[in-house]
Amino acid sequence: QVQLVESGGGVVQAGGSLRLSCVASTSIPSTIDVMGWYRQAPGKKREMVAGITRGGVTNYADFVAGRFTISRDNAKDMVSLQMNSLKPEDTALYYCNAIRLLQGYWGQGTQVTVSS
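Caption draft 1: Structural detail: the overall build of the chain. Looking only at helices and strands, one finds zero helices and eleven strands in the chain. Moving toward the C terminus, one meets the helices and strands of the chain in the order β-β-β-β-β-β-β-β-β-β-β. In summary, the chain has a C-alpha radius of gyration of 13 Å against a globular reference of 13 Å for 116 residues, a match within 12%. Seen along its three principal axes, the alpha-carbon backbone of the chain occupies a region of about 45 × 25 × 20 Å. Within the chain, the fraction of its 116 residues that count as buried is 40%. Of the contacts formed within the chain by residues at least 6 apart in sequence, a portion of 54% connects residues at least 24 apart. When the accessible surface of the chain is split by element, carbon and sulfur atoms take 52% of a total near 6,100 Å². Taken as two groups, the 11 positive and 8 negative side-chain charges of the chain have centres that lie 1 Å from each other.

Caption draft 2: Looking closely at unusual backbone geometry. The phi dihedral of A65 falls on the positive side, at around 50°, and the residue is not glycine. Among the secondary structure elements, A65 is positioned in the loop between strand 6 (58-60) and strand 7 (68-73). Residue A65 is classed as exposed on the basis of its relative accessible area of 62%. Residue S85 is not a glycine yet carries a positive backbone phi of 50°. Structurally, S85 is set in the loop between strand 8 (78-83) and strand 9 (92-100). Taking the relative accessible area as the measure of exposure, S85 reaches 41% and is therefore partly exposed.

Caption draft 3: Local environment of the side chain of R67. Within the secondary structure, R67 is located in the loop between strand 6 and strand 7. Judged by its relative accessible area of 9%, R67 falls in the buried class. Of the polar contacts made by the side chain of R67, one reaches the backbone oxygen of F63; its length is 3.1 Å.

Caption draft 4: View of the nonpolar core. Of all hydrophobic cores here, the largest spans 29 residues; its most connected members are L4, W37, V49, V79, L81, M83 and Y94. Elements represented by at least two residues in this core include exactly strand 1 (2-7), strand 3 (18-26), strand 4 (34-40), strand 5 (47-53), strand 7, strand 8, strand 9 and strand 11 (110-115). Aside from chain neighbours lying at most four places away, what touches L4 is C22, V23, A24, M35, C96, N97, A98, Y105, W106, G107 and Q108.

Caption draft 5: Representation of the environment of I99. You can see I99 is positioned in strand 9. Relative accessible area serves as the criterion here: at 30%, I99 is assigned to the partly exposed category. In this structure the C-alpha to C-alpha distance between I99 and R19, which are 80 residues apart in sequence, comes to 21 Å. Here I99 is in contact with I32, D33, V34 and G104, once residues within four sequence places are set aside.

Rules behind the numbers
Residues numbered from 1 in each chain as written. Predicted model: local features only at pLDDT ≥ 70, side-chain atom pairs only at ≥ 80, totals over all residues. Heavy atoms only, no water. Helix = DSSP H or I, 4+ residues; strand = E, 2+ residues; numbered from the N terminus. Rg over C-alpha atoms; globule rule 2.2 N^0.38 Å. Buried < 20%, exposed > 50% of the residue type's maximum accessible area, 1.4 Å probe, protein only. Contact = heavy atoms within 4.5 Å. Areas by Shrake-Rupley, 256 points an atom, 1.4 Å probe, with all protein chains shown as cover. Lys, Arg positive; Asp, Glu negative; His and termini not counted. Charge placed at Lys NZ, Arg CZ, Asp CG, Glu CD. Polar contact = N/O pair within 3.5 Å; in protein donor to acceptor, adjacent residues only side chain to side chain. Core = buried A, V, L, I, M, F, W, Y, C linked by side-chain atoms within 4.5 Å.

Put into structure tokens, the structure is as follows:
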């Protein structure tokens with residue numbers, strides 16, 4: 001089992017920055033293959049934002065367009081998402097995701113609200 005706890009959401013004005021963090025708790029540390037972030041806005045489907053493998057290979061959604069940076073600390077089983085140049089359309093509930101041994105896990109989500 002893997003438990004994920006997110007932090008760092010909040011309200012920010014357009015053009016501002018936020019940093020999201022997610023810590024994973026597992027009985028076997030440093031065994032999570034992929035960690036990442038998804039988001040879901042009201043009335044929309046959940047979509048991938050960014051992901052990173054244990055080896056550091058990253059993947060970003062097109063809408064990130066160089067504004068967000070994902071990073072990972074394998075020793076701490078932690079993933080972070082630095083979000084810059086935020087736009088109102090980035091407003092959503094952001095979920096941490098982890099994949100370990102082909103099993104996916106989700107956090108509870110942290111709200112990000114960007115005001116215009």
